[in-house]
Amino acid sequence: MRVLGIESSCDETAAAIYDSARGLLAHRVHTQADLHALYGGVVPELASRDHVQRVIPLVEATLGAAGLHAEDLDGVAYTAGPGLVGALLVGASFASSFALARGLPAVPVNHLEGHLLAPQLEHPAPAFPFLALLVSGGHTMLVAVEGVGRYRVLGETLDDAAGEAFDKTAKLLGLSYPGGKALAELATQGAPGKHRFPRPMLKRDDLDFSFAGLKTAALLAVRALPPAGTATHAQARADLARGFEDAVVETLVGKTARALDAVDGLRGLVVAGGVGANLRLRDALTALGAARGIAVFFPRLEFCTDNAAMIAYAGCQRLLAGAADAPVIRARPRWPLDELTPPIAQPST
Ligand code: KG4
Ligand code: ZN
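What counts and how
- Residues numbered from 1 in each chain as written.
- Chains lettered and ligands numbered in written order.
- Predicted model: local features only at pLDDT ≥ 70, side-chain atom pairs only at ≥ 80, totals over all residues.
- Heavy atoms only, no water.
- Patch = residues over 30% accessible without salt bridge, like charges linked within 9 Å, V, L, I, M, F, W, Y side chains within 5 Å.
- Areas by Shrake-Rupley, 256 points an atom, 1.4 Å probe, with all protein chains shown as cover.
- Salt bridge = Lys/Arg side-chain N within 4 Å of Asp/Glu carboxyl O.
- Helix = DSSP H or I, 4+ residues; strand = E, 2+ residues; numbered from the N terminus.
- Buried < 20%, exposed > 50% of the residue type's maximum accessible area, 1.4 Å probe, protein only.
- Near = heavy atom within 4 Å.
- Polar contact = N/O pair within 3.5 Å; in protein donor to acceptor, adjacent residues only side chain to side chain.
- Donors = N, O, S within 2.8 Å, 3.2 Å for Na, K, Ca; no water.
- Contact = heavy atoms within 4.5 Å.

Notes on a nonpolar patch on the surface
Part 1 of the reasoning: Residues Val-85, Leu-89 and Ile-329 make up a contiguous nonpolar surface patch of about 240 Å² in total accessible area.
Part 2 of the reasoning: Here Ile-329 shows up in the segment after α11 (309-320).
Part 3 of the reasoning: Residue Ile-329 is classed as partly exposed on the basis of its relative accessible area of 45%.

Dropping the structure here:
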């Protein structure tokens, strides 16, 4: 079965074609980061308008890269949520109409399920059940992934996502959006321990996160920096970045360790989402895995950040199991993972 996947939940427009027999045939991503950089964050209406302009050329380029035509497809999968409603509607409307016009089934896919199944695009893929730490600009969660459609959310952020905290602190330090990577680079010049930020909720027994307070601590610390142009300013700024990064990393790793202890039978730890690119986080999680004798799996970054390959893959699994949807356009800004059920294979007739 060959499935076209469409992703447009936030600031990436993406298309991909997944073949159940041959694997991923092609995938393309257009990021709007430059468009939103001017505003220091995603502007929802600009995002929707850009998706409108990009989606058709992107699908054509993806079909071309796979050497296929629309007639060669067996189904369409699209991100139906969670995400920005206007952005979701663009992908959902395009995918549903494309499918309807060709008599193909269209399947709405949960974006988070996409992220959790993205590592299955790798060879070898991690074995179920595994613990997933999903850390991106929009999400921070720990999930026990038992199989397709079988997810147990163990903990999540009560306010800001880890990537969002990185981006907001980077902005306070005058770095351009999205600033997580630049902040991490600045932190390499900083000394550990000079700035001690709180480790939010690390002492609590649960597996939830909260990063909003850390952002306020960062604001106060930035205000207390020696004035720009003075001899100590540059080093103090780097020390602050290092202190902030250490606080986020230690919090993420501490809760991940607790989740590994809480769930029996886990066969690995998978790290997904853009913050998974952070080298200090990678090193700390690798060390954690080694200490617990558990395999740590980092999918390629192109499958960690928003993409349509994961949507095509997840949709394909559901279509293969006989999922069918009425010809309606679905867009759900909120769609908790706990509401998903495994796809049930239909008896063949
Ligand atoms: O998965 P992704 O593309 O998420 C969303 O679009 O939500 O991840 C983007 C996030 C941004 O917040 C970005 O600043 C952060 O991942 N990020 C990093 C690093 N590289 C990207 N954060 C910390 N360290 C990095 N090296
Ligand atoms: Zn995402």
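Looking at the site of ligand 1
Part 1 of the reasoning: Around ligand 1, the surrounding shell holds 17 residues, and the nearest of these are Gly-137, Asp-167, Gly-180, Gly-274 and Asn-278.
Part 2 of the reasoning: Within the contact set of ligand 1, an oxygen atom lies 3.2 Å away from a backbone nitrogen or oxygen of Gly-163.
Part 3 of the reasoning: At a separation of 2.8 Å, an oxygen atom of ligand 1 approaches a polar backbone atom of Gly-274.
Part 4 of the reasoning: Considered on its own, ligand 1 offers 550 Å² of accessible surface; in the complex 85% of this is hidden by protein.
Part 5 of the reasoning: Going through the elements one at a time, α5 (162-172) and α6 (180-187) are the ones with two or more residues in the shell around ligand 1.

Notes on the coordination of the zinc ion (ligand 2)
Part 1 of the reasoning: Protein coordination of the zinc ion (ligand 2) is provided by His-111 (NE2), His-115 (NE2) and Asp-306 (OD), with donor distances spanning 2.1 Å.
Part 2 of the reasoning: Binding-site remark: the zinc ion (ligand 2) is held by donors from one chain whose sequence spacing is H-x3-H-x190-D. In this pair, His-111 and His-115 both sit in helix α4 (residues 111-117), four residues apart, roughly one turn of the helix.
Part 3 of the reasoning: Residue classification places His-111 among the buried positions, given a relative accessible area of 1%.

What about the side chain of Thr-157?
Part 1 of the reasoning: The residue Thr-157 is located in the loop between β8 (150-156) and α5 in this model.
Part 2 of the reasoning: Engagement of the side chain of Thr-157 in a polar contact is seen with the backbone nitrogen of Asp-159, the distance being 3.2 Å.
Part 3 of the reasoning: In this structure Thr-157 touches Thr-140, Phe-209, Ser-210 and Phe-211, once residues within four positions along its chain are discounted.

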